[in-house]
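Structural overview for review
Single-letter residue listing:
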Amino acid sequence: MPEPTHRLALHLLGPLRIWRAGRELTVGPPKQRAVLALLAGRRGTAVSRAQIVDALWGTDAPASAANAVHTYVAALRRTLEPDRGSRESGAFIVSRAGGYELRVPADAVDSSVFVRRYEEARQLVASGDAPAAFERFESALGLWHGEALSGIPGPYAALERTRLRELRFAATEGWIAGLIATGHLDAAIVASSEAIAQEPLRERLRHLHMLALSRCGRQAHAIQAYDEARTLLREELGIDPGRELRELYERILAGEATAESPPATPAAHRADSPWPSVTPRPPSPSGSPWPARPPRPAVSPRATRSAPFRTYALRPSAHHPAPLPATRPEAPAPAPAPRSSPLSPHAGHSLHQLPATARVFIGREPELQQARQKLGQDTADCRSTAPILTVDGPAGVGKTAFALELAHEHTDLFPDGQLYVDLRGTGDAGARSAFDALARLLQGLGVEHGRLPHDLEGRVTLYRTLMHGRRMLLLLDDAAEADQLRPLVPPGPSAVIVTSRRLQRGLVAREGAQRIGLRPLDRQTAADLFVALLGPERCAGHRATVERLAEYCGRLPLGIRIAAGTMAANPHLCPRELAERYEDPWTRLDHLSVEGDGEASVRHALEASYLSLSPEAARLFRALGRSGAGTGGPADTIGPADATAFADGDPAAARRRLDALADVGLLERSGSDAYRFDELVGIYASERAAAADRPTARSTLMMTPIHDDGFPGCCLPDALARS
């Protein structure tokens, strides 16, 4: 790096070093250096003392950690500003409420300069300026002089070291792609060989190495390189190479990736293009486009031993020119690689795990259009979280059918395949854990059961590694909580559809998920669904009755399908007779079920939502059902004031419990601080209230003394006797 021109300059891309006015300073002991590295990595941002303690010691912080932090900061201030008075505020390390901030410009920290140059290079690739991108990658890599934060202890340094290493190799890939695009093939072969020795499981490096070999006319060596990559991936991870590497291999076999004039600018992305698919994006509001905790590369102990990390330069420079490749005779082309097993998910075809769509699907066009816009967005950026679409709504509203309709419609946008997991958020056996769900996803991606990591972090790391760069659609059905979902969300360019009865506030707030809220169908669409399921002949001349039936079914697709199935099973039953059965609200839920099939029951679906409530929210639900509030039509609404009486007089608690009921579809939001029951939910709330009241009434009244003919006894009212 050139001689620093700032008053303060810090080097993190190697052993931590610091200059002030051109003179190198001695930073002090390792923990003190770790404090400075943390403040430099988060320059311009206040870092609390608690965060510093976590960064230095993690969960093993001693009781004296807070005092030690104060001592380290005081020593750093003396080092950086030896002339500062003890009571004067510092120019570089400034005290903030509960913490400290390092005030230096962005170009005073070499890691910040590296990230900026790397991002600029990616923008130049996207704009088609290959020569400028190549120079920018080269200048970014020129800032490195060893392992980042070398010798700095603590959890933060370990995470930051991993993050910067990942970016270093991403920049190396961009620089090697520039070598290939500008015709420096020998240098590209050497550089990619050195990088592969350090990151043997990185498929992008393998791709560039094979491409450079093939363009040099060394097809036999390129095929041999593919065989080596495939063998390593199978032995270490139990998987086959990804789609792009396989496609390049097939082009080499077909003679379509031989020596040719490299493009001056990156064209549309294809297997024999050295440039990754890049879409420009603005930096994040925090000023850094990089996540604080990137996934660690899934390198096995065996792979690490065979290719230890070396700290020599990965690029040629004026002082360290790239060595020429050794001359050696061409190796004979090996026999064609054996075909993968038909059971392998990567045997030349993509994954298709989506269940079939519903036989009849009607309506939801506004919601589908909104969802199409989300899925149609460009998701080529592999660094950011995959775009997430959450579909929520009350029980029986058709969330899974909607998600499957949407997913099947967009399979062509995700050529690497579609994955599906039922998370059983409302299942009787309990929600599926993220650990178990990752096992299913990894096995779908080709990992053998015996090779699955035995801890959650290991499975997450392997999953993100396998999903990196792949364009797949992931459907996570019937989710429970955000914590169950987060480990399953891959990086782009994939996309995720989540269905849940619960409004996923956490995913919307933290991951930027887009919410699609489904409500019961409108009256006309609900009637159209009934006619489409049963057939127009059975419904001819009964339109008004069919619409009334749809209302009795709550305009829920589940209820409508059950009603249509009842008529389909009895060819002598007409819509008028079925409507008469459903007319009584107290027996309606009995009819809206299929005997022997718990999944085909509106009451069972509502029960799963009810059982997910906290005791306080469940108590409010029963109280509202007992009172009959919110069931008298659109104008009959429930507000926090109405619910306060059932929340021990606490308006804030009443509002939280109303929101909890609305979040799982047991109340409908009809306005600001206004809620109401859908008719079937209101009926179910009354049932739960009556069921809860029976044992209380029985135990109270059975113990009430009465006198009859002079003998004390107990009264059992007829209503309780019938229960």
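Our subject is the structure listed above.
Residues numbered from 1 in each chain as written. Predicted model: local features only at pLDDT ≥ 70, side-chain atom pairs only at ≥ 80, totals over all residues. Heavy atoms only, no water.

On to the overall build of the chain, then. Counting secondary structure elements, the chain contains 29 helices and 18 strands. Scored against the burial criterion, the 723 residues of the chain give a buried share of 48%. Considering only contacts in the chain between residues 6 or more positions apart, those separated by 24 or more positions represent 68%. Carbon and sulfur atoms form 52% of the exposed surface of the chain, whose accessible area is close to 33,000 Å². (Helix = DSSP H or I, 4+ residues; strand = E, 2+ residues; numbered from the N terminus. Buried < 20%, exposed > 50% of the residue type's maximum accessible area, 1.4 Å probe, protein only. Contact = heavy atoms within 4.5 Å. Areas by Shrake-Rupley, 256 points an atom, 1.4 Å probe, with all protein chains shown as cover.)

A separate point is the packing of helix α6 (residues 155-181) against helix α7 (residues 185-198). The interhelical angle for the contact between α6 and α7, taken along N-to-C directions, is 160°, at an axis separation of 8 Å. It follows from the interaxial angle that α6 and α7 lie roughly antiparallel. α7 is crossed by α6, and the crossing has left-handed handedness. On α7, the residues that touch Arg165, Phe169, Thr172, Trp175, Ile176, Leu179 and Ile180 of α6 are Leu185, Ala187, Ala188, Ala191, Ser192, Ala195 and Gln198. Classifying every residue of the contact of α6 with α7 gives 10 nonpolar, three polar and one charged. (Axes fitted to C-alpha atoms, helices over the stretch in contact; angles between N-to-C directions. Parallel < 35°, antiparallel > 145°, perpendicular 65-115°, else oblique. Left-handed = near helix turned anticlockwise from the far one by under 90°. Nonpolar A, V, L, I, M, F, W, Y, C, P; charged D, E, K, R; others polar.)

Counting residues in each nonpolar core, the largest one holds 76 residues, and the members touching the most others are Ile497, Phe530, Leu613, Phe621, Leu661, Leu666 and Leu667. With seven residues, the top contributor of residues to this core is helix α18 (residues 523-534). Those residues within four positions of Phe530 in sequence are excluded, and the remaining contacts are Cys539, Val546, Leu549, Ile560, Ala563, Ala564 and Met567. Val113, Ala133, Trp175 and Ala222 belong to the second-largest nonpolar core, a separate cluster that totals 47 residues. (Core = buried A, V, L, I, M, F, W, Y, C linked by side-chain atoms within 4.5 Å.)

Glancing now at the sheet that holds strand β5 (residues 93-96). Within the open sheet, the three strands sit side by side as β4-β6-β5. Their pairing is antiparallel. For this open sheet the edge positions go to β4 (47-48) and β5, each flanked by a neighbour on one side alone. One ladder, built from two bridges, connects β4 with strand β6 (residues 99-102); its direction is antiparallel. Paired with Ser48 across the bridge in β6 is Gly99. Helix-sheet contacts for helix α1 (residues 30-41) involve β4, β5 and β6, and the interaxial angle to β6 is about 65°. (Pairing = 2+ DSSP bridges.)

A few words on the layout of surface pockets. Of the pockets and cavities examined, the second largest pocket occupies roughly 970 Å³. As for the second largest pocket, its lining consists of 38 residues, of which Gly396, Gly398, Thr400, Leu558 and Glu599 are closest to the centre. For the lining of the second largest pocket, the secondary structure elements donating two or more residues are α13 (399-409), β9 (417-422), β10 (473-479), β11 (495-500), α21 (557-569), β14 (597-601) and α24 (602-611). (1 Å grid on protein atoms, 1.4 Å probe; cavity = no way out; pocket = protein on both sides within 12 Å on 5 of 7 lines; lining within 4 Å. Points joined across faces, edges and corners; volume = space filled by probe spheres on them.)

Bringing a negative patch on the surface into the picture now. Together, Asp422, Asp428, Asp597 and Glu599 line one region of the surface with negative charge. Looking at the element boundaries, Asp597 is found in strand β14. (Patch = residues over 30% accessible without salt bridge, like charges linked within 9 Å, V, L, I, M, F, W, Y side chains within 5 Å. Salt bridge = Lys/Arg side-chain N within 4 Å of Asp/Glu carboxyl O. Lys, Arg positive; Asp, Glu negative; His and termini not counted. Charge placed at Lys NZ, Arg CZ, Asp CG, Glu CD.)

Before going further, it helps to examine empty space enclosed by the protein. Inspection of the entire model under this criterion finds one cavity of 30 Å³ or more. Roughly 50 Å³ of internal volume is contained in the largest cavity. Residue composition of the lining of the largest cavity, by class: seven nonpolar, one polar and one charged.

Right, let's talk about the side chain of Arg459 for a bit. Tracing the chain through its elements places Arg459 in helix α15 (residues 456-467). Buried charge without a partner: Arg459 forms no salt bridge, and the closest opposite charge is Asp436, 5.9 Å away. Engagement of the side chain of Arg459 in a polar contact is seen with the backbone oxygen of Pro453, the distance being 2.7 Å. Residues in contact with Arg459, not counting those within four places in the same chain, are Phe435, Leu438, Ala439, Leu442, Leu452 and Pro453. (Polar contact = N/O pair within 3.5 Å; in protein donor to acceptor, adjacent residues only side chain to side chain.)

This part is about helix α3 (residues 65-80). When the terminal C-alpha atoms of α3 are compared, their 22 Å separation across 16 residues agrees well with the 22 Å that a helix rising 1.5 Å per residue should span. Among the residues of α3, Ala65, Ala68, Val69, Tyr72, Val73, Ala75, Leu76, Arg77 and Leu80 are the ones counted as buried. (Expected span 1.5 Å × (residues − 1).)

In a regular helix each residue adds 1.5 Å, so 12 residues correspond to 16 Å; α1 covers 16 Å between its end C-alpha atoms and thus fits that length. With respect to burial, α1 is a largely interior element, nine of its 12 residues being buried. Those residues of α1 that fall on the buried side of the exposure criterion are Gln32, Arg33, Ala34, Val35, Leu36, Ala37, Leu38, Leu39 and Ala40.

Moving on: the sheet that holds β9. Pairing within the open sheet is parallel, and its six strands lie in the order β7-β9-β10-β11-β8-β12. The two strands at the open ends of the sheet, each matched to only one other strand, are β7 (351-352) and β12 (514-517). As judged from the five bridges shared by β9 and β10, these two strands associate in the parallel manner. For Gln418, the partnering residue across the bridge sits in β10 and is Leu473.

So, about unusual backbone geometry. The bulk of non-glycine residues show a negative phi, and the bulk of peptide bonds are trans. Its identity as a non-glycine residue notwithstanding, Leu149 has a phi of 55°, on the positive side. The residue Leu149 is located in the loop between α5 (130-141) and α6 in this model. Exposure remark for Leu149: the relative accessible area of 1% places this residue in the buried category. One non-glycine residue, Arg555, adopts positive backbone phi at about 55°. Along the chain, the position of Arg555 falls in the loop between α20 (543-552) and α21. A relative accessible area of 23% places Arg555 in the partly exposed class.

Evaluated as defined, the whole model comprises nine aromatic pairs. Judged by centre distance (3.9 Å) and plane angle (10°), the rings of Tyr226 and Tyr249 are stacked. Residue Tyr226 is located in helix α9 (residues 219-237), and its partner Tyr249 is located in helix α10 (residues 243-253); the two are separated by 23 residues in the primary sequence. A residue is classified by how much of its surface remains accessible, and Tyr226, at 4% relative accessible area, is buried. Residue Tyr249 is classed as buried on the basis of its relative accessible area, which comes to 8%. Judged by centre distance (5.7 Å) and plane angle (45°), the rings of Tyr610 and Phe621 are tilted. Note that Tyr610 is positioned in helix α24 and Phe621 in helix α25 (residues 615-627), a separation of 11 residues in sequence. Neither Tyr610 nor Phe621 differs from the other in exposure class; each is buried. By the ring-pair criterion, three or more aromatic residues cluster together here, those being Phe114, Tyr118, Phe137 and Trp144. Above the ring of Phe435, the side-chain terminus of Arg459 is found at 3.6 Å from the ring centroid. Of note, Arg471 hangs over the ring of Phe414, and the distance from its end group to the ring centre comes to 5.6 Å. (Phe/Tyr/Trp six-rings, centres within 6.5 Å; stacked < 30°, edge-to-face > 60°. Lys NZ or Arg CZ within 6 Å of the ring centre and 35° of its normal.)

What follows deals with the pairing of strand β2 (residues 17-20). Pairing of strand β1 (residues 8-11) with β2, which is carried by four bridges, proceeds in the antiparallel orientation. By the bridge assignment for β2, Leu10 is matched with Ile18. Counting the residues between successive antiparallel strands, the hairpin from β1 to β2 contains five residues, one of them, Gly14, with a positive phi of roughly 150°.

Counted by the stated rule, this structure contains 40 salt bridges. A salt bridge links Glu120 to Arg116; the shortest N-O distance between them is 3.8 Å. Of this pair, Glu120 and Arg116 both sit in helix α4 (residues 110-127), four residues apart, roughly one helical turn. Linking Asp673 and Arg655 is a salt bridge whose minimum nitrogen-to-oxygen distance equals 3.3 Å.

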